[in-house]
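Per-entry structural report
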Amino acid sequence: MDLEPNEHVIFEGHPSWRAILGFYLKGLVLVVVAAGIAYAAAGTGPAVGAGAVVLVILLVVGYVKRLFTTYTITNDRLHIRRGIVARAEQQTTINRVQNVNTNQSVLQRMLVIGDVDFDTAAGDDYDFRFAGVAKPHDVVEAVHRAQREADATAASER
């Protein structure tokens, strides 16, 4: 994200590794299935090899998926960037944020992660969410700090 003059980063992060545990658990089932098929077809050696290959692919895909989703809060904007080759970006100005809500399922509470939803002046059909962040309360505080800074800057310009 290119910063504008007098803009600075207040928060930058990625979804927590704990947020993709479901992906890893589903992948673990795939590892067992691949190893089982290889064992039935060719024996123990290929089964271990097939399981290891699928496990490595699973770990790399999960890591890359998490690493290439970036959430940024500056004193002027909220920004989400997703993707490696195909890229999707969302941004809104901090003064358009009307409400900040956190959602945590029971499992998310145990994992100390959550989703932070932003209601913006763009309306109900505009979904702006930092999903699976660690310590969602810290993200909410960062937004409030950004809003205070934006308000102070606007007041000094008057």
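Everything here concerns the structure above.
The following paragraphs examine the structure supplied in this document. These numbers were taken from a predicted model, which means no experiment stands behind them.

**Things to note about the overall build of the protein**
- Helix and strand counts for the protein come out as four helices and seven strands.
- Each helix and strand of the protein, ordered N terminal to C terminal, gives the series β-α-α-β-β-β-β-α-β-β-α.
- For the protein, whose C-alpha radius of gyration is 20 Å, the value lies well above the compact-globule estimate of 15 Å for 158 residues.
- With respect to the principal axes defined by its C-alpha atoms, the protein has extents near 75 × 35 × 25 Å.
- Among the 158 residues that make up the protein, the fraction classed as buried is 33%.
- A separation of at least 24 residues holds for 53% of the contacts in the protein among residues at least 6 apart in sequence.
- When the accessible surface of the protein is summed, it comes to about 9,700 Å², and 58% of that surface belongs to carbon and sulfur atoms.

**What to know about the sheet that holds strand β2 (residues 69–74)**
- Strand order across the open sheet formed by four strands is β1-β2-β3-β4, with antiparallel pairing between neighbours. Edge positions in the sheet fall to β1 (9–13) and β4 (88–93), since each of these pairs with one other strand and no more. This sheet shows a mean twist of 10° between the axes of neighbouring strands, independent of strand direction.
- Docked against the sheet, helix α4 (residues 136–157) engages β1, β2 and β3 (77–82), running at close to 155° with respect to β1.

**Some thoughts on the packing of helix α1 (residues 21–42) against helix α2 (residues 44–67)**
- Interaxial distance between α1 and α2 falls to 7 Å at its minimum, and their mutual angle equals 160°. In terms of axis orientation, α1 runs roughly antiparallel to α2. Viewed along their axes, α1 and α2 form a crossing whose handedness is right-handed. Contact with α1, carried on its side by Phe23, Tyr24, Gly27, Leu28, Leu30, Val31, Ala34, Ala35, Ala38, Tyr39 and Ala42, involves Thr44, Pro46, Ala47, Ala50, Gly51, Val54, Leu55, Leu58, Leu59, Val61, Gly62 and Tyr63 of α2 and no other residues of that element.

**Concerning the nonpolar core**
- Among the nonpolar cores identified, the biggest contains 19 residues, and Ile73, Leu78, Val116, Phe118, Phe130 and Val143 are the most heavily contacted of them.
- Sorting the residues of this core by element identifies β2, β3, β5 (97–103), β6 (113–120), β7 (128–134) and α4 as the ones contributing at least two each.
- Top contributing element to this core by residue count: α4, with six residues.
- Once residues within four sequence positions are removed from consideration, Phe118 is found in contact with Leu78, Val97, Asn99, Val100, Phe128, Phe130, Val139 and Val143.

**Observations regarding the pattern of salt bridges**
- Scanning the model with the defined rule gives three salt bridges in all.
- For Glu7, the salt bridge identified is with Arg77, shortest N-O distance 2.9 Å. In this pair, Glu7 sits in the segment before β1 while Arg77 sits in strand β3, placing the two residues 70 residues apart along the sequence.
- The class for Glu7 is buried, based on a relative accessible area of 9%.
- The closest approach of N and O atoms between Glu89 and Arg81, which form a salt bridge, is 3.2 Å.
- The class of Arg81 is partly exposed, set by a relative accessible area of 23%.

What counts as what
Residues numbered from 1 in each chain as written. Predicted model: local features only at pLDDT ≥ 70, side-chain atom pairs only at ≥ 80, totals over all residues. Heavy atoms only, no water. Helix = DSSP H or I, 4+ residues; strand = E, 2+ residues; numbered from the N terminus. Rg over C-alpha atoms; globule rule 2.2 N^0.38 Å. Buried < 20%, exposed > 50% of the residue type's maximum accessible area, 1.4 Å probe, protein only. Contact = heavy atoms within 4.5 Å. Areas by Shrake-Rupley, 256 points an atom, 1.4 Å probe, with all protein chains shown as cover. Pairing = 2+ DSSP bridges. Axes fitted to C-alpha atoms, helices over the stretch in contact; angles between N-to-C directions. Parallel < 35°, antiparallel > 145°, perpendicular 65-115°, else oblique. Left-handed = near helix turned anticlockwise from the far one by under 90°. Core = buried A, V, L, I, M, F, W, Y, C linked by side-chain atoms within 4.5 Å. Salt bridge = Lys/Arg side-chain N within 4 Å of Asp/Glu carboxyl O.

Note that every value here comes from positions in space, so none of it alone points to a role or purpose.
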